[in-house]
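Single-letter residue listing:
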Amino acid sequence: MTRRHLRRGLSLVAALALAGALLPTASSAEPQESQAGRAVPLGELTATATQVASGLVNPTAITALNDGSGRILVVEKRGVVRSYHPQTGLAAKPFLDISDKVNGADVERGLLGLAIARDKRVYVAYTRKSDSAVTLSRVRPDTGELTELITQPHSEYPNHNGGQLAFGPDGYLYWGIGDGGGGGDPLASGQRLDTLLGKILRVDVNRACRPLKYCVPATNPFVGVAGARAEIWAYGLRNPWRFSFDPADGSLWIGDVGQGRFEEVDHLARGKGGANFGWSCKEGPVVFDQTRCKDGVTYTEPVFHYISGAEGCAVIGGHVYRGRKYASLAAGTYLATDFCQGTAWAVRKKADGTYESARIGEFPLDATTLGTDQNGELYLAEETPGGLHRISFARKG
């Protein structure tokens, strides 16, 4: 993936995919209020990325294995998942290899997401080799056997596949899909409710409701709405490449890649389904295409945005820090970066409900994903040259 491609709207999946799927549970995290109250002011905080491993091939996502071993999993665009342990490094044997099922030939296609359920079953999001449909499947890591659950045609354009998978605090699986690609939402999918493109979905993969191999939660916002896909949880998104849940309060943070004017971060309270983030009526805080706007529609504004071109080209959504090692410095701080400029962006929600943000460091260029280990400590992976980095925080001297 090139920076030029990203600026023109190809997202940021030039070999991206996979992010923190299973975050620390709310029970293992300190209350949000107590942690945030101990953090230092953003203007006094710095973040640093230290390389801990190399040799990754187009990493796209990071998630904790959450089996008590301390291992994290790093997804590679080609269809391989690698295992890393702080003491032993990258394992030689892949945790999973489904490269024969994945179309990773195009810049933003490939193995894009992975999540592990509490019952240890593994779920993957990828571009299907046979027809380039974006696909959600359950997979057996030992054999690579796939059980397809949901597919969404995505053959017109190769970009904006999305791909993030994460289990929410409600136990349901959330999946982000881009708007179908091209520039300016040519399929007009962002505001349509009859397609899964440009959406975040919420489904129950623990049960099957025939003829489906999954169930749609009855509390999804568009259940029973004529002409709408019941799986939709939120819409009006261009390419929600990475999103995550804050394990302290269950809220959802979304990094949505912009068309060329603004990169944005969105934030939703736990259980708040049905939000419309505006694409392609809006891009970030401004109107993008007036013909896509409708009277009487409420658009959910981003809580943070920055200027594409001048300040970056593709936001890489991250996580709220809830680890223990740097709790006195960064607890309650959402950390994201940008593919082209590597800025470490910090965002916090203040007591009055508004948000503050700051540049708190510089990360490697070409970063494609941030993720956490089972203790909530943060990691970052870069597309080129394929390094894995551990994130640390400090107070300005």
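Reading the values: rules and limits
Residues numbered from 1 in each chain as written. Predicted model: local features only at pLDDT ≥ 70, side-chain atom pairs only at ≥ 80, totals over all residues. Heavy atoms only, no water. Helix = DSSP H or I, 4+ residues; strand = E, 2+ residues; numbered from the N terminus. Rg over C-alpha atoms; globule rule 2.2 N^0.38 Å. Buried < 20%, exposed > 50% of the residue type's maximum accessible area, 1.4 Å probe, protein only. Areas by Shrake-Rupley, 256 points an atom, 1.4 Å probe, with all protein chains shown as cover. Lys, Arg positive; Asp, Glu negative; His and termini not counted. Charge placed at Lys NZ, Arg CZ, Asp CG, Glu CD. Pairing = 2+ DSSP bridges. Axes fitted to C-alpha atoms, helices over the stretch in contact; angles between N-to-C directions. Salt bridge = Lys/Arg side-chain N within 4 Å of Asp/Glu carboxyl O. Phe/Tyr/Trp six-rings, centres within 6.5 Å; stacked < 30°, edge-to-face > 60°. Lys NZ or Arg CZ within 6 Å of the ring centre and 35° of its normal. UniProt positions renumbered as here; feature names shortened; annotations may be inferred. Disulfide = S-S within 2.5 Å.

Quick word on the overall build of the protein
For step 1, the next point in the chain: Check the secondary structure of the protein and you find three helices and 27 strands.
For step 2, the next point in the chain: Computed over the C-alpha atoms, the radius of gyration of the protein is 19 Å, within 12% of the 21 Å expected from 2.2 N^0.38 for a compact globule of 397 residues.
For step 3, the next point in the chain: Its C-alpha atoms put the protein at 55 × 50 × 40 Å along the principal axes.
For step 4, the next point in the chain: The buried share among the 397 residues of the protein stands at 60%.
For step 5, the next point in the chain: Only carbon and sulfur atoms are counted for the fraction: they give 49% of the accessible area of the protein, which is about 14,400 Å².
For step 6, the next point in the chain: The protein carries 44 positive and 41 negative side-chain charges, and their two centres are separated by 3 Å.

Considerations on the sheet that holds strand β13 (residues 199-203)
Within a sheet, neighbouring strands are paired by backbone hydrogen bonds and run either parallel or antiparallel to one another.
For step 1, the next point in the chain: With respect to topology, four strands assemble into an open sheet ordered β11-β12-β13-β14, the strand pairing being antiparallel. The outermost strands of the open sheet, each flanked by one partner alone, are β11 (165-167) and β14 (232-235). Neighbouring strand axes in the sheet, compared pairwise and without regard to direction, differ in orientation by 20 degrees on average.
For step 2, the next point in the chain: Inspection of the sheet shows β11 paired to strand β12 (residues 173-177) by three bridges, in the antiparallel sense. By the bridge assignment, Ala166 is partnered in β12 with Tyr174.

Concerning the pattern of salt bridges
For step 1, the next point in the chain: For the coordinates displayed, the defined rule picks out 19 salt bridges.
For step 2, the next point in the chain: A salt bridge links Arg121 to Asp119; the shortest N-O distance between them is 2.9 Å.
For step 3, the next point in the chain: The class of Asp119 is partly exposed, set by a relative accessible area of 42%.
For step 4, the next point in the chain: Residues Arg192 and Asp194 are paired through a salt bridge, measuring 2.9 Å at the closest nitrogen-oxygen approach.
For step 5, the next point in the chain: On the basis of relative accessible area, Asp194 is assigned to the partly exposed category, the value being 45%.
For step 6, the next point in the chain: Here the salt bridges do not stand alone but share partners, grouping Glu76, Arg78 and Arg82 into one network.

Description of the environment of Glu231
For step 1, the next point in the chain: Looking at the element boundaries, Glu231 is found in the loop between β13 and β14.
For step 2, the next point in the chain: Counting along the chain gives 31 residues from Glu231 to Ile200, while the straight-line C-alpha distance between them is 8.5 Å.

Some details on unusual backbone geometry
For step 1, the next point in the chain: For the bond from Arg210 to Pro211, the omega torsion is 10 degrees, close enough to zero to count as cis.
For step 2, the next point in the chain: Its place among the elements puts Pro211 in the loop between β13 and β14.
For step 3, the next point in the chain: That bond from Thr384 to Pro385 is cis: its omega, 10 degrees, falls within 30 degrees of zero.
For step 4, the next point in the chain: Turning to its location among the elements, Pro385 is positioned in the loop between β26 (378-382) and β27 (388-395).
For step 5, the next point in the chain: One non-glycine residue, Ser132, lies in the positive phi region at around 65 degrees.
For step 6, the next point in the chain: For Ser132, the position within the fold is in the loop between β8 (122-127) and β9 (134-139).

Brief notes about the pairing of strand β16 (residues 252-256)
For step 1, the next point in the chain: A large share of β16 lies buried, amounting to five of its five residues.
For step 2, the next point in the chain: What you see with β16 is no split at all: Leu252, Ile254 and Asp256 on one side and Trp253 and Gly255 on the other are buried throughout.
For step 3, the next point in the chain: Here strand β15 (residues 242-245) pairs with β16 via four bridges, running antiparallel. Among the inter-strand pairings, Ser244 is bridged to a residue of β16, identified as Trp253.
For step 4, the next point in the chain: Judged from the five bridges that link them, β16 and strand β17 (residues 262-268) form a sheet pairing that is antiparallel. Opposite Asp256, over in β17, you have Glu264 as the bridge partner.
For step 5, the next point in the chain: In this antiparallel pair of consecutive strands, β16 and β17, the connection spans five residues.

Overview of the packing of aromatic side chains
For step 1, the next point in the chain: Summed over the entire model, instances satisfying the criterion amount to 15 aromatic pairs.
For step 2, the next point in the chain: Where Tyr174 meets Trp233, the ring centres are 6.0 Å apart and the plane angle is 90 degrees; that geometry is what we call edge-to-face. Here Tyr174 is found in strand β12, whereas its partner Trp233 is found in strand β14, with 59 residues between them in sequence.
For step 3, the next point in the chain: Owing to a relative accessible area of 3%, Tyr174 belongs among the buried residues under this scheme.
For step 4, the next point in the chain: Measuring from centroid to centroid gives 6.2 Å for Tyr321 and Tyr326, while their planes differ by 55 degrees, and the two rings are tilted. Both residues of the pair, Tyr321 and Tyr326, count as buried.
For step 5, the next point in the chain: Three or more aromatic residues joined by ring pairs form one cluster here, namely Tyr174, Trp233, Phe243 and Phe245.
For step 6, the next point in the chain: When the ring centre of Trp279 is taken as origin, the NZ or CZ atom of Arg238, which lies over that ring, is 5.6 Å away.
For step 7, the next point in the chain: Here Arg242 stacks its cationic end above the ring of Trp241, 3.8 Å away from the centre of that ring.

As for the UniProt feature "domain: Glucose/Sorbosone dehydrogenase" (unreviewed entry) in the protein
For step 1, the next point in the chain: Under the feature "domain: Glucose/Sorbosone dehydrogenase" (unreviewed entry), the UniProt entry names residues 58-348.
For step 2, the next point in the chain: End-to-end, the C-alpha atoms of residues 58-348 are 30 Å apart, and along that stretch the chain is 1% helix and 36% strand.

Overview of the state of the cysteines
For step 1, the next point in the chain: Inspection of every chain in the model, using the stated rule, returns three disulfides.
For step 2, the next point in the chain: Cys281 shares a disulfide with Cys293; S-S distance 2.0 Å. Here the disulfide of Cys281 and Cys293 is right-handed, its torsion about the S-S bond being about 90 degrees. You can see Cys281 sitting in the loop between β17 and β18 (282-283) and its partner Cys293 sitting in the loop between β19 (286-287) and β20 (304-307), a full twelve residues away along the chain.
For step 3, the next point in the chain: Each disulfide pairs two cysteine sulfurs, and for Cys313 the partner residue is Cys340, the sulfurs being separated by 1.9 Å. Torsion about the S-S bond of the Cys313 and Cys340 cystine: about 85 degrees, corresponding to right-handed handedness. In this pair, Cys313 is assigned in the loop between β20 and β21 (315-320) and Cys340 in the loop between β22 (334-338) and β23 (343-349), connecting sequence segments 27 residues apart. Here Cys313 and Cys340 have matching classes, each one buried.
For step 4, the next point in the chain: Disulfide connectivity for the protein, with bonded cysteines indexed by sequence position, reads 1-2, 3-4, 5-6.

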